[in-house]
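Understanding the architecture of this molecule
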Amino acid sequence: MKHITALISLLLLSIPLAYAEPVTEPVTEPVTEPVTEPVTEPVTEPVTLKCVMADGVPLALNYSIDIDDKTVKWGLDTYDIVHVSDGYITAYQRTKRVGGEVLVFNRVTGDYRRAKIALLSAEGHQLDYSPKKDAEKEPEGKLETHVYEGHCPNQEF
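Residues numbered from 1 in each chain as written. Predicted model: local features only at pLDDT ≥ 70, side-chain atom pairs only at ≥ 80, totals over all residues. Heavy atoms only, no water.

**Some thoughts on the environment of Tyr63**
One can find Tyr63 in strand S3 (residues 63-66). Take Tyr63: its relative accessible area is 1%, and that puts it in the buried class. Those residues in contact with Tyr63 that sit more than four places away from it in its chain are Val47, Thr48, Leu49, Cys51, Val72, Lys73, Trp74, Leu103, Phe105, Tyr112 and Arg114. (Helix = DSSP H or I, 4+ residues; strand = E, 2+ residues; numbered from the N terminus. Buried < 20%, exposed > 50% of the residue type's maximum accessible area, 1.4 Å probe, protein only. Contact = heavy atoms within 4.5 Å.)

**Side note on the nonpolar core**
Formed by 16 residues in total, the largest nonpolar core has its most connected members in Leu49, Tyr63, Ile65, Val72, Phe105 and Tyr112. Elements supplying a minimum of two residues to this core: S3, strand S4 (71-74), strand S5 (77-84), strand S6 (88-93) and strand S7 (99-106). In this structure Phe105 touches Leu49, Tyr63, Ile65, Val72, Gly87, Tyr88, Ile89, Asp111, Tyr112, Cys152 and Phe157, once residues within four positions along its chain are discounted. (Core = buried A, V, L, I, M, F, W, Y, C linked by side-chain atoms within 4.5 Å.)

**Description of the pairing of strand S8 (residues 111-120)**
As defined by bridge partners, S7 adjoins S8 across seven bridges and the pair is classed as antiparallel. In the sheet register, Val104 faces S8, and the bridge partner there is Arg113. Between S7 and S8, which pair antiparallel in sequence order, lie four residues; one of them, Gly110, sits at a positive phi of approximately 85 degrees. (Pairing = 2+ DSSP bridges.)

**What to know about the state of the cysteines**
Throughout the structure, instances matching the rule amount to one disulfide. Between the sulfur atoms of Cys51 and its disulfide mate Cys152 the distance is 2.0 Å. On the S-S bond that ties Cys51 to Cys152, the torsion sits near 90 degrees, and the link is right-handed. In this pair, Cys51 is assigned in the loop between strand S1 (47-49) and strand S2 (52-53) and Cys152 in the segment after strand S9 (142-151), connecting sequence segments 101 residues apart. Overall, the relative accessible area of 3% leaves Cys51 in the buried class. By relative accessible area, which is 1% here, Cys152 ends up buried. (Disulfide = S-S within 2.5 Å.)

**What about the side chain of Glu101?**
For Glu101, the position within the fold is in strand S7. For Glu101, a relative accessible area of 7% puts it in the buried group. A polar atom in the side chain of Glu101 sits 3.0 Å from the side chain of Arg114. Residues contacting Glu101, with those up to four places away along its chain left out, are Tyr79, Ala91, Tyr92, Gln93, Arg114, Ala115 and Lys116. (Polar contact = N/O pair within 3.5 Å; in protein donor to acceptor, adjacent residues only side chain to side chain.)

Structure (structure tokens):
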């Protein structure tokens, strides 16, 4: 039996390895990192928009859009820009009152639309109402929705 095992080993060693997969070491070349400059967005100045309402009456206050700061200012109100594309800018009003506002500018046509939901008095003033503080009484005023629209002519933003 010992001789048969030795004979089989010799036969196996003499068979050409033509059908066997060649064993090669993987070629590793040195990897060089590409040199890249840090990407910096161009700094843009805030844009002031002089707009008119849908009926053609100029707005008493101008919109100031600061893309880098992600804000729109309109008088004392500040809106946070939440979306910017080639076509639109969308911003939400910062508020601690009931309701809020959304403001959308069409960058191609110059049109804008502002929607407001607020707790308003009979005179149209926005009211503060805290359920914790004012739980004993019915809230004054009424929850209302208003939409305002207009156009900001001849301006790129």
